[in-house]
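Each chain, letter by letter, is given below.
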Amino acid sequence: MKILLLLGYWILVIIMGLLYMGIARKVTARIQNRYGPPFYQAFLDVLKLFSKRETASHGVMHSLGPVIAFAGISTTLLFLPLGKGAPILHFQGDLFVFLYLIVIGPLGMALGAGESNNPNATIGIARALSLMLGYEIILFMATLPVFVHFKTASIYEVILKQGAFPNWAGIKFPLSMLGGLIALQGLLGEKPFDQPIAPHEIASGPMVEYGGKYLGLLQLWHAVGIIVETGLFIDVFFGPQNILWFFLGTFIAFMLAVVINAVMPRFRIEQAIRFYWGVPLLLVVLGILQYYLWR
Amino acid sequence: MGLFKISQGRSLWMVHFCTGCGAVEMPPTMTSRFDMERFGIAPMATPRQADVLLITGYLTVKTLKRVIMVYEQMPTPRYVIGFGSCTVNGGIYWDSYNVIKNLDLYIPVDLYIFGCMPRPESILDAFLKLRKMIEEGKANKWKDYIERYDWYKQNQAKLFDVNKWRVQK
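Residues numbered from 1 in each chain as written. Chains lettered and ligands numbered in written order. Predicted model: local features only at pLDDT ≥ 70, side-chain atom pairs only at ≥ 80, totals over all residues. Heavy atoms only, no water.

Colleague: What is the right way to read the overall build of chain B from this model?
Modeller: When you go through chain B residue by residue, the secondary structure sums to seven helices and five strands. Shown N-terminal to C-terminal, the secondary structure of chain B runs as helices and strands in the order α-β-α-β-β-α-β-α-β-α-α-α. Radius of gyration (C-alpha) of chain B: 16 Å, near the 15 Å computed for a compact globule of 169 residues. With the C-alpha coordinates aligned to their principal axes, the bounding extent of chain B is approximately 60 × 35 × 25 Å. A total accessible area of about 8400 Å² is found for chain B, and carbon and sulfur atoms account for 58% of it. Distance between charge centres in chain B, computed from 23 positive and 16 negative side chains, equals 5 Å. (Helix = DSSP H or I, 4+ residues; strand = E, 2+ residues; numbered from the N terminus. Rg over C-alpha atoms; globule rule 2.2 N^0.38 Å. Areas by Shrake-Rupley, 256 points an atom, 1.4 Å probe, with all protein chains shown as cover. Lys, Arg positive; Asp, Glu negative; His and termini not counted. Charge placed at Lys NZ, Arg CZ, Asp CG, Glu CD.)

Right, here's the structure in full:
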């Protein structure tokens, strides 16, 4: 029974992620004064990719890379509460497990894409792993005062202890929330932080040798990743009351990233990391100071 | 499977390999005025992710080799659209020594767009016809390439025979 529940949870998140991706394409098109594809376009793309047949092989690891990435993000999903009453794994300290598991996706892709020996893929991986050095620090330091304030290291307990509107952590720690929002832009890989998959310069980066079912799996990885990454931000800073509120929150957070993505150019990789170690780092450090000064 | 056929028709990713002057009609087709993406058609930077190969105009022998390499890297089912009169009969390069005259002999073409150059409207029309063909199960030229592989390879080898052009001493 519990397995069926988990399966339903997983399918719900995949469907919502693909829906968000489709709506994001529509919103980007409207900003660019185009009509845009239908909102269900992402479902059609994934279906089509799973119906294709890849003719070439680049070795075992190349095929396993997307599987590792997808398995990593699916495991991370188990630690993400969708609101207050949703079924999840939770225990004291699951934040650290979450932050470790969220890295498995890019690492799986790095292992797979490295096998293909395509120079574009190698450049893409190098950029993805370097960029992680920027946003992971900001993300961790942004969530730190919240978890210290509520004296817990469990995402679920943070939601329970925050309660309703005026007690949100995002209102108590606005600077940390702002830093977290900037980290989210890099975590989602939206412009100006889309150096890993820059299609105009390195031909989709790590995905350059992936097609057919592999790319379909990577699309699903991205779909779950959207919910997991925005979900962490919403869970920590806005303490969702129920599942509808959770999806509304993640939708707004993702649309904010998409709207910024639609009007931004791309940083060079060293500019991106320098940016993260500048203003956002200052914001999150001030957020931590704020906790100690106004305790 | 009906659902797979519909998804294949409604999500066509094309490879950016602009071989001739017809490619200049692609930017207006993609951007705001004739928005191509509303039919699920999107440009892709690599042949591994592409469904449609566009041959936009004349093809020299040198370029044809690369086109064949790109075509064979694409996962099946894959489709080819030939742009303009150059792909049909060589167009204004009919009498040229290094431009191929009939694309059909070297790679299987699902659809030709006539004109020099085709307007964005006719490009969109071709894509919608291709979508209809895929949904009805008629766009099967990629199977033809597998079944008559020897014939296609023979034609290609005749063209790529460098000894023919070498000056005899």
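Colleague: So what exactly am I meant to see when it comes to the overall build of chain A here?
Modeller: Helix and strand counts for chain A come out as 14 helices and zero strands. Here chain A has a C-alpha radius of gyration of 19 Å; the compact-globule value for 295 residues is 19 Å, and the two agree. Each of the three principal axes of chain A carries a C-alpha extent, and together these read 60 × 50 × 40 Å. Burial status across chain A gives 56% buried among its 295 residues. In chain A, of all internal contacts separated by at least 6 residues, the share reaching a separation of at least 24 is 80%. (Buried < 20%, exposed > 50% of the residue type's maximum accessible area, 1.4 Å probe, protein only. Contact = heavy atoms within 4.5 Å.)

Colleague: Explain the interface of chain B and chain A here, please?
Modeller: Interface size, as often reported, equals the accessible area lost upon joining of the parts. Taken together, the contact pairs 26 residues of chain B with 32 residues of chain A. Its largest share of buried area at the contact with chain A, chain B owes to Trp 13, Glu 37 and Arg 48 of chain B, together 27% of the area lost on that side. The interface formed by chain B and chain A contains six salt bridges. For Arg 34 of chain A, the salt bridge goes to Asp 35 of chain B, with nearest N and O atoms at 3.1 Å. Between the two partners, chain B and chain A, sit 21 residue pairs in polar contact (both at pLDDT 80 or more). Counting residues per element, the side of chain B that touches chain A draws most heavily on helix α1 (residues 2-10) of chain B, at five residues. Here the side of chain B that touches chain A is composed, by residue class, of ten nonpolar, nine polar and seven charged. (Buried area = accessible area lost by both parts, 1.4 Å probe. Salt bridge = Lys/Arg side-chain N within 4 Å of Asp/Glu carboxyl O. Polar contact = N/O pair within 3.5 Å; in protein donor to acceptor, adjacent residues only side chain to side chain. Nonpolar A, V, L, I, M, F, W, Y, C, P; charged D, E, K, R; others polar.)

Colleague: Is there a simple way to think about unusual backbone geometry in this case?
Modeller: The general pattern is negative phi for most residues beyond glycine and trans for most peptide bonds. All names here are of chain B. Backbone torsion omega between Thr 76 and Pro 77 reads -5°, so that peptide bond is classified as cis. Positionally, Pro 77 belongs in the loop between α3 (61-73) and β4 (79-83). Along the chain, Cys 116 connects to Met 117 via a cis peptide bond; the corresponding omega equals -10°. Tracing the chain through its elements places Met 117 in the loop between β5 (111-113) and α5 (120-135).

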